[in-house]
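Listed here are the chains, written in short residue letters.
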Amino acid sequence: MAGRRARQGAVRRRKGDVATDSAVYDAIRQAMLSGRLRPGTKLQEPVLARLLKVSRERVRKALHRLVHERWLETVPNRGTFVPAPSVVELRGLYEVRALLEDAVVSRLAAKAGNGAASRLRAHIARERAAVKAGDRSRLFGLSTEFHALLADLCGNEPLAQTLRALLPRSSLHFSLFAPPAFDNCAGPHDHGDIVKAVLAGDGGRARTLMREHLGGLVDLLAVQEAPHDDAPLEEIFRDGLGERPRAGRT
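The structure presented is a predicted model; accordingly, all values stated were derived computationally and were not measured. (Residues numbered from 1 in each chain as written. Predicted model: local features only at pLDDT ≥ 70, side-chain atom pairs only at ≥ 80, totals over all residues. Heavy atoms only, no water.)

Asker: How should I be thinking about helix 8 (residues 191-199) in this particular structure?
Answerer: Side chains that are three or four residues apart share a direction in an α-helix, a result of its 3.6 residues per turn. All of the buried residues along helix 8 are H191, G192, I194, V195, A197 and V198. Packed against the buried residues of helix 8 are helix 4 (87-110), helix 5 (117-133), helix 6 (136-153) and helix 9 (203-219). Capping the start of helix 8 is the job of one residue whose side-chain oxygen sits 3.0 Å from the backbone nitrogen of G192: D190. Positive backbone phi, at 75°, marks G201, one or two positions downstream of helix 8. (Buried < 20%, exposed > 50% of the residue type's maximum accessible area, 1.4 Å probe, protein only. Helix = DSSP H or I, 4+ residues; strand = E, 2+ residues; numbered from the N terminus. Contact = heavy atoms within 4.5 Å. Polar contact = N/O pair within 3.5 Å; in protein donor to acceptor, adjacent residues only side chain to side chain.)

Asker: For this particular structure, what's the right way to read unusual backbone geometry?
Answerer: Peptide bonds are, in most cases, trans, and in most cases residues other than glycine have a negative phi. For R70, which is not glycine, the phi torsion reads 75° and is therefore positive. Examined against the element boundaries, R70 turns out to sit in the loop between helix 3 (56-68) and strand 2 (73-75). For R70, a relative accessible area of 34% puts it in the partly exposed group. At N77, a residue that is not glycine, the phi angle is positive and equals roughly 65°. Following the sequence through the fold, N77 ends up in the loop between strand 2 and strand 3 (79-81).

Asker: Please explain the packing of helix 4 against helix 6 as it appears in this structure.
Answerer: If you want to describe how two helices pack, look at the angle between their axes and the distance between the axes. Look at helix 4 against helix 6: their axes get within 9 Å of each other, and the N-to-C directions meet at 55°. Considered as vectors, helix 4 and helix 6 are oriented oblique to each other. Crossing handedness for the pair helix 4 and helix 6: left-handed. Listed contacts from helix 6 to R97, E101, V104, V105 and L108 of helix 4 are H147, L150, A151 and L153. In terms of residue class, the contact of helix 4 with helix 6 is built from six nonpolar, one polar and two charged. (Axes fitted to C-alpha atoms, helices over the stretch in contact; angles between N-to-C directions. Parallel < 35°, antiparallel > 145°, perpendicular 65-115°, else oblique. Left-handed = near helix turned anticlockwise from the far one by under 90°. Nonpolar A, V, L, I, M, F, W, Y, C, P; charged D, E, K, R; others polar.)

Asker: Can you help me understand the sheet that holds strand 1 (residues 42-43) in this one?
Answerer: Strand pairing in a sheet is mediated by backbone hydrogen bonds. Such pairs are either parallel or antiparallel. Reading across the sheet, the three strands line up as 1-3-2 and stay open at both edges, with antiparallel pairing between neighbours. The sheet is open, and its two borders are formed by strand 1 and strand 2, each paired with just one other strand. As judged from the two bridges shared by strand 1 and strand 3, these two strands associate in the antiparallel manner. Looking across to strand 3, one finds that K42 is bridged to F81. (Pairing = 2+ DSSP bridges.)

Asker: Please clarify how the pattern of salt bridges should be interpreted in this entry.
Answerer: Side-chain pairs of opposite charge can arise where the charged atoms are in close proximity. Across all of its chains, the model carries 13 salt bridges by this definition. R97 is paired through a salt bridge with E101; the nearest N and O atoms lie 2.9 Å apart. Taken together, the positions of R97 and E101, both in helix 4 and four residues apart, correspond to about one turn of that helix. Take R97: its relative accessible area is 3%, and that puts it in the buried class. Residue classification places E101 among the buried positions, given a relative accessible area of 1%. With a closest N to O distance of 2.5 Å, D152 and R164 form a salt bridge. Taken together, the residues D152 in helix 6 and R164 in helix 7 (residues 157-177) connect sequence positions 12 residues apart. Under the relative-accessibility criterion, D152 is labelled partly exposed at 35%. Each member of the salt-bridge network shares a partner with another, and the members are D17, D21, R58 and K61. (Salt bridge = Lys/Arg side-chain N within 4 Å of Asp/Glu carboxyl O.)

Asker: Please explain the environment of R29 as it appears in this structure.
Answerer: Of note, R29 is situated in helix 1 (residues 2-33). Of the residues examined, R29 reaches a relative accessible area of 10% and is grouped as buried. A C-alpha to C-alpha distance of 9.7 Å links R29 and L172, two positions 143 residues apart in sequence. Filtering out sequence-adjacent residues up to four positions away, R29 remains in contact with L66, W71, G141 and E145.

Asker: I would appreciate a short explanation of the packing of aromatic side chains in the present structure.
Answerer: Think of a pair of aromatic rings as described by two things: how far the centres are apart, and how the planes are tilted against each other in angle. Evaluated as defined, the whole model comprises zero aromatic pairs. The ring of Y25 is capped by R65, whose NZ or CZ atom sits 3.6 Å from the centre of that ring. (Phe/Tyr/Trp six-rings, centres within 6.5 Å; stacked < 30°, edge-to-face > 60°. Lys NZ or Arg CZ within 6 Å of the ring centre and 35° of its normal.)

Asker: Would you take a moment to explain the environment of A84 for this structure?
Answerer: By the element assignment, A84 lies in the loop between strand 3 and helix 4. Among the residues examined, A84 registers a relative accessible area of 52% and is labelled exposed. C-alpha of A84 to C-alpha of G40: the two residues are 44 residues apart in sequence and 5.7 Å apart in space. With near-sequence residues (within four places) excluded, A84 lies in contact with P39, G40 and E73.

This is the structure:
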């Protein structure tokens, strides 16, 4: 009996550990997507651990994951920073994305009946709910996930992996320069229109919509960033992790 209780306790702790690790990762990523963490900001483990009320090890794991996913970058002997890509680099990223996402929607439209409809419609519903709630950071995250979902559903794993590697930096740029009010990503057509074309098997229209959609994102590169004062980490993470998992040591 005692052994069973010990095993059950260990399982609860592991679940709590996973939940807390995810919460730390999400807190940092959402701070970037909301535009509160600015390009060039240094993320220091001890400061984040204190503000989020977790161990440095948990912060380190989250930072390593974000670096691996290319949301953050590590500079040798200096630390971990929010990337500050140049306009030239971003234009190059969008050029490659346009080529890849043209192929993605073409493949999807050619096999519109592959069971993707329910997942795509559910995603669009989540985006619209985020718009209605005025949750910009949630919408920015969903916008990135939309493009990744299309790639995942197209059935070409190397294509999906290549696109996923490009999404973080261009998505971070979008979160910083997106207009105060909009219904979805920049561009004259939203994700819902692209999904409709894909599910109708209209590859030509899907490609046109995607090109115009990404063209709207490129147009944001011309936006000049207004002068601002970088908020201290204490202000950005003043709410910590919010509701904490009960199981496990943090």
